[in-house]
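Observations on the model geometry
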Amino acid sequence: MAQHSYPPDPDVMPLGPRQRALLAVLQEANAELSGQELHERLRQGSQRHGLATVYRNLRLLQRSGLVRCRKLPNGESVYAPLERDDHHLTCVSCGHSEPLPICPVATGGLGLSKVLLQGFKPLFHTFEIHGLCLSCQQSEPLSHG
Ligand SMILES: [Zn+2]
Ligand SMILES: [Zn+2]
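Residues numbered from 1 in each chain as written. Chains lettered and ligands numbered in written order. Predicted model: local features only at pLDDT ≥ 70, side-chain atom pairs only at ≥ 80, totals over all residues. Heavy atoms only, no water.

Quick notes on the coordination of the zinc ion (ligand 2)
The protein atoms that coordinate the zinc ion (ligand 2) are Asp85 (OD), Asp85 (OD), His87 (NE2), Cys103 (SG) and His125 (NE2), at distances of 2.0 to 2.7 Å. Positions of the donor residues of the zinc ion (ligand 2) along the chain correspond to the pattern D-x1-H-x15-C-x21-H. Taken together, the positions of histidine 87 in the loop between β3 (77–81) and β4 (88–91) and histidine 125 in the loop between α5 (114–117) and β6 (128–131) put the pair 38 residues apart, joining distant regions of the chain. The partly exposed category is assigned to histidine 125, whose relative accessible area is 21%. (Donors = N, O, S within 2.8 Å, 3.2 Å for Na, K, Ca; no water. Helix = DSSP H or I, 4+ residues; strand = E, 2+ residues; numbered from the N terminus. Buried < 20%, exposed > 50% of the residue type's maximum accessible area, 1.4 Å probe, protein only.)

Quick look at the packing of helix α1 (residues 17–28) against helix α2 (residues 35–42)
Axis separation between α1 and α2 bottoms out at 10 Å; the angle between their running directions is 105 degrees. By the angle between their axes, α1 is roughly perpendicular relative to α2. Here α1 contributes Ala21, Leu22, Val25 and Leu26 to the contact with α2, which in turn contributes Leu38, Arg41 and Leu42. Here the residues of the contact of α1 with α2 sort into six nonpolar, no polar and one charged. (Axes fitted to C-alpha atoms, helices over the stretch in contact; angles between N-to-C directions. Parallel < 35°, antiparallel > 145°, perpendicular 65-115°, else oblique. Contact = heavy atoms within 4.5 Å. Nonpolar A, V, L, I, M, F, W, Y, C, P; charged D, E, K, R; others polar.)

Structural notes on the coordination of the zinc ion (ligand 1)
Every protein donor of the zinc ion (ligand 1) is listed here as Cys91 (SG), Cys94 (SG), Cys133 (SG) and Cys136 (SG), and their distances to the metal cover 2.3 Å. One way to put it: the four donor atoms around the zinc ion (ligand 1) meet at angles of 103 to 114 degrees, and that makes the site tetrahedral. (Tetrahedral: all angles 85-135°; square planar, octahedral: opposite > 155°, others 65-115°.)

Re the environment of histidine 88
Secondary-structure assignment places histidine 88 in strand β4. Between the C-alpha atom of histidine 88 and that of phenylalanine 127, which follows or precedes it by 39 residues, the distance is 7.5 Å. For histidine 88, the residues in contact, after removing those within four places along its chain, are Glu32, Arg70, Ser97, Glu98, Pro99, Leu100, Phe127, Glu128 and Ile129. Side chain to side chain, histidine 88 and arginine 70 meet in a polar contact 3.5 Å long. (Polar contact = N/O pair within 3.5 Å; in protein donor to acceptor, adjacent residues only side chain to side chain.)

Note that every value here comes from positions in space, so none of it alone points to a role or purpose.
Following this line, the structure appears as structure tokens:
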């Protein structure tokens, strides 16, 4: 498999019906979805999507610059359309994830020049802040063991 030769160009490689269905489910959802959740939702449609196919198409959509992905603290990957540039404050104690109102990367935090990128083509970024939410700070005084 020549996986690393060229990034597929969406204009040259049109999406298949399964990839379009996958993207539509992600765009309709108001939250990020895991591969398993996507698989569940697609089962309600007319096409057959095996779980392995869902993951393969997710990789393809990421390579086409249409889908972004981030890893939750439990190791699970969740997916969203590329245009949804969301960032989160995630509590390491209760796992609660609160969206940040702005993208700190797009507001000038990432001044990567072409020289630093060395030909790398950026498609999406992730930015997470992990810590303790307000209620966990109040209910679990860690320092007073
Ligand atoms: Zn918490
Ligand atoms: Zn961002």
